[in-house]
Amino acid sequence: MAASTLTESEKRKNMPLEYSTEEGDLRIVGFWIFLAAELVLFSTLFATYLVLQSHTAGAPTAKDLFKINPVMAETIVLLVSSFTCGLGTLELRRHNTKGLIAWLVVTVILGLAFIGLEANEFYSYAVHEGAPLSSSAFLSGFFILLGTHGAHVTLGIFWVTAIIIQLAQRGITAVTARKAFMVGLYWHFLDVVWIFIFTAVYLTGLVI
Amino acid sequence: MQEHKNTAVESEPAGFPWKQVIGLILSLALTFLALWIAVGLSLPVHVTLTLIVGLAVIQALIQLFMFMHVLEGTDTSHQILGLIFGIFVAFAMVAGTLWIMYFTL
Amino acid sequence: MENIKTFLSHFFVTGDPMIYGADASIALVSVAIVFVLTYFKKWKWLWREWLTTVDHKRIGIMYIIAALLMLFRGGVDALMMRTQLALPNMHFLNSEHYNQVFTTHGTIMIIFVAMPFIFGLMNIAVPLQIGARDVAFPFLNAVSFWLFFFGAMLFNLSFVIGGSPDAGWSSYAPYAGAELNPGVGQNYYLIGVQISGIGSLATGINFLVTIAKMRAPGMTLFKMPLFTWSILITSIIVIFAFPAFTVALALMTIDRLFGAHFFTIASGGSPMLWANLFWFWGHPEVYIVLLPVFGIFSEVIATFAHKALFGYVVMIWSMIAISVLSFLTWLHHFFTMGNTAPVNAFFSLSTMLIAIPTGVKIFNWLFTLNKGRIEFTTPMLWALAFIPNFTVGGVTGVMLAMAPADYQYHNSDFLVAHFHSTLIAGTVFGVFCGLHYWWPKMFGYLLNEKLGKWSFWIFMISYNICFMPMYFLGLMGMTRRMYTYPAGLGWGPINFIITIGAFGMGLGFTIMAANIIWSAIHGKRDTTGDPWDGRTLEWSTSSPAPEYNFAHIPVVSTRDAFEAMKEEERKGVKRRQLPFEPIHMPNNSGIPFIMSAFFFVAGFGFVFEWYWMGIPGLIGIVICLLARSFVYNDHHHIPTDEIERTERAAGRFS
């Protein structure tokens with residue numbers, strides 16, 4: 001940090017628009033740090049789930065409940081939404097407002113599809129299989145880990161929508177560019193969390 | 001906040017988004033590979049777990065580098081050190097908790 | 001009619017004359033505040049200058065006022081406990097009431113005194129020390145403060161509405177669960193602490209980014225003042241420890257409100273998992289409230305020994321080592337829950353390891369004093385008293401770190417004495433030290449030295465009368481959290497001495513409060529901005545600092561930057577007076593206050609499981625967030641003539 005010859009404001013001139021102001025630069029760094037904190041938040045939920053995984057207390061177990069097809073559908077929808085969100089950031093870098101908005105709209109639609117699939121999965125466990133969160137420690141851990149992720153995606157949908165409106169009103173400016181870039185980081189981060197849910201919850205549940 | 005209109009350089013060239021498409025293909029391939037290892041093969045449990053966790057880590061790195069531009073910024077050391085510390089604490093949480101909770105008298 | 005009566009008798013805490021007295025005094029104080037504000041037509045002033053402010057210095061002052069009020073309440077709790085324990089078989093408090101009092105004492109002292117006091121001091125000092133005009137995210141800073149404030153208010157409301165929590169500040173499952181602990185008390189704990197915890201996380205991120213990115217030109221990392229370094233490390237610990245607590249509190253809330261089974265005994269829950277998650281946050285929390293005061297002592301000792309700090313680089317690496325190790329020791333809080341030998345051995349070793357960097361720091365302070373020109377001001381007295389008194393706490397900590405020996409000490413008054421030795425001789429001495437040291441920078445006048453020294457000596461001596469005997473009481477077998485004890489165990493006389501010490505500390509604090517009031521009227525004005533012959537940049541601007549902190553951002557070339565500037569001036573180097581430029585400042589905003597009030601409403605609803613109230617509260621929060629997202633006009637510029645006027649009034653422009 002000490003040895004740089006260019007000052008930060010000089011560096012900013014050669015960077016994408018979202019970094020072009022001091023405020024944008026500070027907020028993006030702050031948001032990265034926030035995501036690192038979220039990492040610990042989710043790791044706590046993972047640790048809890050993994051401890052309680054075998055505490056099924058006579059209620060349905062992971063093997064009884066999990067089915068491959070709906071899980072793969074959720075996974076593919078979320079992976080593709082991360083891809084479309086990445087294309088949005090690409091259009092942002094090309095200063096193409098229409099392209100950016102279009103990809104963000106696609107991302108929101110995929111996000112809604114994911115939430116719909118997840119809600120359907122929860123409903124089938126809790127109602128059809130008679131295994132709501134209060135039936136065992138395992139199910140408490142399962143619903144809260146996935147529910148926290150789902151709540152993050154839901155919040156993300158509202159957030160992306162608010163940014164689509166601002167982009168439509170103002171076009172790509174230093175401020176809207178920073179917001180669009182940050183919501184992209186958030187969306188990709190939720191995809192990373194899902195990868196670990198897919199591995200530690202579903203695949204592990206099918207194996208053990 | 002001043003709303004500068006397009007003062008900064010356009011940083012991405014036009015053309016086919018190869019990086020993003022490769023990222024997507026790799027993600028999907030790794031997902032199906034992990035599924036196949038878990039369901040299709042009948043390896044010993046600890047081997048299966050090691051492999052699928054390893055694949056998940058690779059996939060997370062793909063997101064981080066191909067979509068999240070983790071190496072960007074006026075001083076990338078902040079977010080890199082932050083993430084490394086976050087990963088350290090997350091590891092301490094998961095590994096420590098499992099160790100403690102599975103080894104009680 | 002009958003229904004309303006039953007509802008009210010459950011809603012309000014009834015049946016105890018002391019609580020009726022509290023009800024009456026709360027009502028009277030509220031009426032008095034409303035009357036004074038209305039009579040002097042101060043509502044608008046309160047809203048414009050304080051409730052909506054995003055100025056780090058004002059937010060810092062509000063943190064400290066709140067922390068002092070909470071310290072008063074936590075202190076009264078302590079005195080009630082000590083009165084109950086003064087003699088065998090006392091009937092001052094019953095067991096239920098005693099449980100509530102030690103629970104609120106612990107929670108308030110850690111979450112609503114130690115943390116906000118430190119957040120207050122860092123808000124005031126850090127931006128000034130690094131030559132910045134504000135923190136990185138001033139709006140978020142206001143959100144943090146108001147979340148802390150409303151979280152604290154929600155927690156304190158339990159005293160008069162619904163009933164206080166009684167499961168201890170660590171709220172161990174299964175006792176804290178719905179089955180064994182019905183009622184709203186525990187919900188208050190979970191939700192009140194949760195709300196203020198969200199604010200703490202935001203403060204951590206805010207100060208990390210501020211220190212990482214907003215230092216004055218030339219101030220490289222290893223030229224930063226040590227207090228700023230300590231806050232940088234503390235912020236990192238806050239950021240990575242608090243999410244675990246957020247989750248733990250949320251899981252227990254879900255257990256209680258929605259019948260989940262994380263920490264219950266039935267249906268596969270694991271009470272030990274609560275201890276595991278709680279202390280994963282709880283141990284780093286100890287360093288969150290200690291490292292900043294290490295920073296304060298480093299500043300104060302260097303200033304009043306009139307020497308550069310000894311072993312600056314070693315001090316920093318010690319803190320970095322502590323930040324890593326602090327995440328690897330949490331199990332030592334529950335050695336006796338039945339872990340296997342390798343687990344206990346690992347955490348025993350990691351705990352002892354953390355004593356090494358701490359010990360290194362103690363020696364560095366001593367070597368700083370060596371051959372210094374020591375000036376015994378009030379802040380310096382607090383700093384000097386810290387070294388031996390805190391060391392006692394540190395050494396007994398190493399005793400507790402030995403897992404086999406811990407079976408003897410665990411849950412005894414030995415432990416209680418140990419953590420009070422670290423938290424009072426460390427944190428409390430530290431924040432009092434910082435309060436006296438930075439007071440002139442906050443308000444423009446000094447606290448009275450004579451009263452300051454009286455309060456110091458009385459508090460420090462009483463602290464020793466209170467906690468030194470407690471170690472022995474613990475070794476004699478008295479356990480913590482017991483509300484009374486029979487005569488004939490030999491505990492009576494020691495307990496009586498401890499109680500005398502506790503009231504002595506109360507007297508010391510009262511003198512400090514009197515000093516604050518006396519000095520507000522008669523205190524010596526600080527016209528120089530540098531009353532202590534300070535070494536760091538906060539003393540280079542006027543006292544109190546102007547809204548924009550520095551008319552010109554200072555340029556730094558060495559450690560102890562202000563000392564170097566003064567040295568140059570003594571050598572006759574004249575600084576050129578540059579022309580002023582308009583200064584970019586953030587606008588005030590009412591959203592932080594309003595949003596946090598919605599948090600309070602939502603929290604209150606969930607405490608009583610009134611979802612008709614909780615859910616609209618949550619919707620209010622989301623609306624505030626969205627409203628903020630659409631605010632684009634969020635800054636203004638201070639024109640040069642206004643800067644010139646301010647600087648002229650402070651005698652800094654001619």
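None of the values given here were measured: they were computed from a predicted structure.

J.: I'd like a description of the overall build of chain C, backed by residues and values.
T.: When helices and strands are counted, chain C shows 20 helices and two strands. Radius of gyration (C-alpha) of chain C: 25 Å, near the 26 Å computed for a compact globule of 654 residues. Within chain C, the proportion of its 654 residues that are buried is 52%. Taking the contacts inside chain C whose residues are at least 6 apart along the sequence as the reference set, 83% of them involve residues at least 24 apart.

J.: Quick one: what's the story with the overall build of chain A, residue by residue and with numbers?
T.: Counting its regular elements, chain A contains seven helices and zero strands. For chain A, the α and β elements follow one another from N to C terminus as α-α-α-α-α-α-α. With the C-alpha coordinates of chain A rotated into their principal frame, the extents come out at 65 × 40 × 25 Å. Burial statistics for chain A: of 208 residues in total, 59% are counted as buried. Excluding contacts between residues fewer than 6 apart, the proportion of contacts in chain A whose partners are at least 24 apart in sequence is 78%.

J.: An account of the environment of Ser77 of chain B is requested, with residue identities and associated values reported.
T.: Mapped onto the elements of the fold, Ser77 of chain B is located in helix 3 (residues 77–102). Each C-alpha atom, one on Ser77 of chain B and one on Phe103 of chain B, is 38 Å from the other, the two residues being 26 residues apart in sequence.

J.: Residues and numbers for the domain arrangement of chain C, please.
T.: All names here are of chain C. Each assigned domain of chain C is listed with its residue range as follows: domain 1 (1–41) and domain 2 (42–589 + 634–649). The gap between the C-alpha centroids of domain 1 and domain 2 is 31 Å. Here the element with the most residues in the side of domain 1 that touches domain 2 is helix 2 (residues 17–39); it accounts for six residues. Residues that form the side of domain 1 that touches domain 2 fall into these classes: eight nonpolar, one polar and two charged.

J.: Just give me the short version of the packing of helix 8 (residues 226–258) of chain C against helix 9 (residues 271–305) of chain C, but keep the residues and values in it.
T.: For any two helices packed against each other, the geometry comes down to the angle between their axes and how far apart the axes lie. All names here are of chain C. The N-to-C vectors of helix 8 and helix 9 enclose an angle of 160°; their axes lie 8 Å apart at closest approach. The angle between the axes of helix 8 and helix 9 places the two elements in the roughly antiparallel class. For the pair helix 8 and helix 9, the sense of crossing is left-handed. Its residues assigned to classes, the contact of helix 8 with helix 9 shows 26 nonpolar, four polar and two charged.

J.: Any details on the interface of chain C and chain B? Residues and values, ideally.
T.: Each partner contributes residues to the interface: chain C has 19 residues there, and chain B has 14 residues. Among the secondary structure elements, those contributing two or more residues to the side of chain C that touches chain B are helix 8 and helix 9 of chain C. Per-element accounting of the side of chain C that touches chain B gives the leading share, four residues, to helix 9 of chain C. Each residue belonging to the side of chain C that touches chain B can be placed in one class, and the counts come to 12 nonpolar, six polar and one charged.

J.: Before we move on, can you summarise the packing of helix 5 (residues 95–129) of chain C against helix 7 (residues 185–213) of chain C with the specific residues and values?
T.: Residue and element names in this part refer to chain C. Look at helix 5 against helix 7: their axes get within 11 Å of each other, and the N-to-C directions meet at 20°. One element, helix 5, and the other, helix 7, form an angle in the roughly parallel class. With respect to the hand of their crossing, helix 5 and helix 7 are arranged in left-handed fashion. Contacts between helix 5 and helix 7 involve Thr107, Ile111, Met115, Phe119, Met122, Val126 and Pro127 from the first element and Tyr189, Val193, Ser196, Ser200, Thr203, Phe207, Thr210 and Ile211 from the second. Split into classes, the residues belonging to the contact of helix 5 with helix 7 amount to 10 nonpolar, five polar and no charged.

J.: Outline the interface of chain B and chain A, listing residues and values.
T.: Across the contact, 53 residues belong to chain B and 56 residues belong to chain A. Put simply, the parts of the chain that give the side of chain B that touches chain A at least two residues each are helix 1 (18–40), helix 2 (45–67) and helix 3 of chain B. In terms of residues, the side of chain B that touches chain A owes the most to one element, helix 3 of chain B, which gives 15 residues. Among the residues making up the side of chain B that touches chain A, the classes are represented as 28 nonpolar, 20 polar and five charged.

J.: So what's going on with helix 5 of chain C? Residues and values would help.
T.: Residues and elements named next belong to chain C. Its 35 residues place the ends of helix 5 49 Å apart at the C-alpha level, agreeing with the 51 Å of an ideal helix rising 1.5 Å per residue. Among the 35 residues that make up helix 5, 31 are buried, leaving the element largely enclosed by the rest of the structure. Gly131 occupies a position one or two residues after helix 5 and carries a positive phi of about 70°.

J.: Hey, could you go over the nonpolar core for me, with residue numbers and the actual values?
T.: Taken as a class, soluble globular proteins show a tendency for nonpolar side chains to be buried jointly. Grouped together as the largest cluster of nonpolar side chains are 295 residues, with contacts concentrated most on Ile33 and Ala37 of chain A together with Leu208, Ile239, Ala244, Ala248 and Phe297 of chain C. If sequence neighbours within four positions are ignored, Phe297 of chain C has contacts with Trp365, Ala383, Phe386, Gly430 and Cys433 of chain C.

J.: Quick one: what's the story with the environment of Val209 of chain C, residue by residue and with numbers?
T.: Relative to the elements of secondary structure, Val209 of chain C occurs in helix 7. Taking the C-alpha atoms as reference points, Val209 of chain C and Ala545 of chain C, separated by 336 residues in sequence, lie 22 Å from one another. When residues no more than four places from it in sequence are discounted, the contact partners of Val209 of chain C are Leu26, Val29, Gly30 and Ile33 of chain A together with Ala136 of chain C.

J.: Would you mind going over the confidence of the model for chain A in detail, with residue names and values included?
T.: Of all residues in chain A, 96% attain a pLDDT of 70 or more, and the chain-wide mean is 91. Within the model, pLDDT remains below 50 along residues 1–5 of chain A, and this stretch shows five contacts once partners closer than five positions in the same chain are excluded.

J.: Report on unusual backbone geometry, specifying residues and quantitative values.
T.: Residues and elements named next belong to chain C. With an omega dihedral of 0°, the bond running from Ala173 to Pro174 counts as a cis peptide bond. In this structure, Pro174 sits in the loop between helix 6 (138–157) and helix 7. Pro544 follows Ser543 through a cis peptide bond whose omega is -15°. With respect to the helices and strands, Pro544 occurs in the loop between helix 16 (492–522) and helix 17 (561–570).

J.: Tell me what's going on with the confidence of the model for chain C, and back it up with residues and numbers.
T.: Summary statistics for chain C give a mean pLDDT of 94 and a share of 100% for residues scoring 70 or more. Confidence metrics for the complex model read pTM 0.94 and ipTM 0.94.

J.: Please provide a residue-by-residue account of the environment of Leu331 of chain C, values included.
T.: Turning to its location among the elements, Leu331 of chain C is positioned in the loop between helix 10 (312–325) and helix 11 (341–369). Along the sequence, Leu331 of chain C and Trp279 of chain C sit 52 residues apart, while their C-alpha atoms lie 7.2 Å from each other. The residues touching Leu331 of chain C, leaving out its near neighbours within four places in the chain, are Ile100 of chain B together with Asn339, Val343 and Phe347 of chain C.

J.: Mind laying out helix 7 of chain C, listing which residues take part and the relevant values?
T.: Taking 1.5 Å per residue, 29 residues should reach 42 Å; helix 7 of chain C reaches 43 Å between its end C-alpha atoms and fits that length. Burial analysis of helix 7 of chain C places 27 of its 29 residues in the buried class, the great majority of the element.

What counts and how
- Residues take numbers from 1 onward in each chain, read along the sequence in its written order.
- As a convention, the first chain written is A and the first ligand written is 1, with the rest following in written order.
- Under the rules for a predicted model, residues below a pLDDT of 70 receive no local features and side-chain atom pairs below 80 are neither given nor counted, while totals for whole chains, interfaces and linings still include all residues.
- Where helices and strands are cited, they refer to DSSP runs of H or I of at least four residues and of E of at least two residues respectively, numbered from the N terminus.
- Radius of gyration means the value over C-alpha atoms here, while the globule rule gives 2.2 Å times the residue count to the 0.38 power.
- Residues are called buried when their C-beta atom has 20 or more other C-beta atoms within 10 Å, exposed when it has 12 or fewer, and partly exposed otherwise; all C-beta atoms are positioned from the backbone.
- Two residues qualify as a contact pair if the distance between their C-beta atoms, derived from the backbone, is within 7 Å.
- For every domain, the bounds stem from an assignment made automatically or drawn from a database.
- Ten residues, namely Ala, Val, Leu, Ile, Met, Phe, Trp, Tyr, Cys and Pro, are considered nonpolar, four, namely Asp, Glu, Lys and Arg, are considered charged, and the remaining ones, Gly among them, are considered polar.
- A fitted line through C-alpha atoms serves as each axis, taken over the contacting stretch for helices, and the angle formed by two N-to-C directions is quoted from 0 to 180°.
- Working rule for angles: under 35 degrees goes down as roughly parallel, over 145 as roughly antiparallel, 65 to 115 as roughly perpendicular, anything else as oblique.
- The handedness criterion is simple: a crossing whose near helix is rotated anticlockwise from the far helix by less than a right angle is left-handed, and one whose near helix is rotated clockwise is right-handed.
- In this analysis, the expected span of each helix is defined as 1.5 Å times one less than the number of residues it contains.
- By definition, a nonpolar core groups buried Ala, Val, Leu, Ile, Met, Phe, Trp, Tyr and Cys residues that connect through C-beta atoms lying within 7 Å of each other.
- The quantity known as pLDDT measures the predictor's confidence residue by residue, on a range of 0 to 100.

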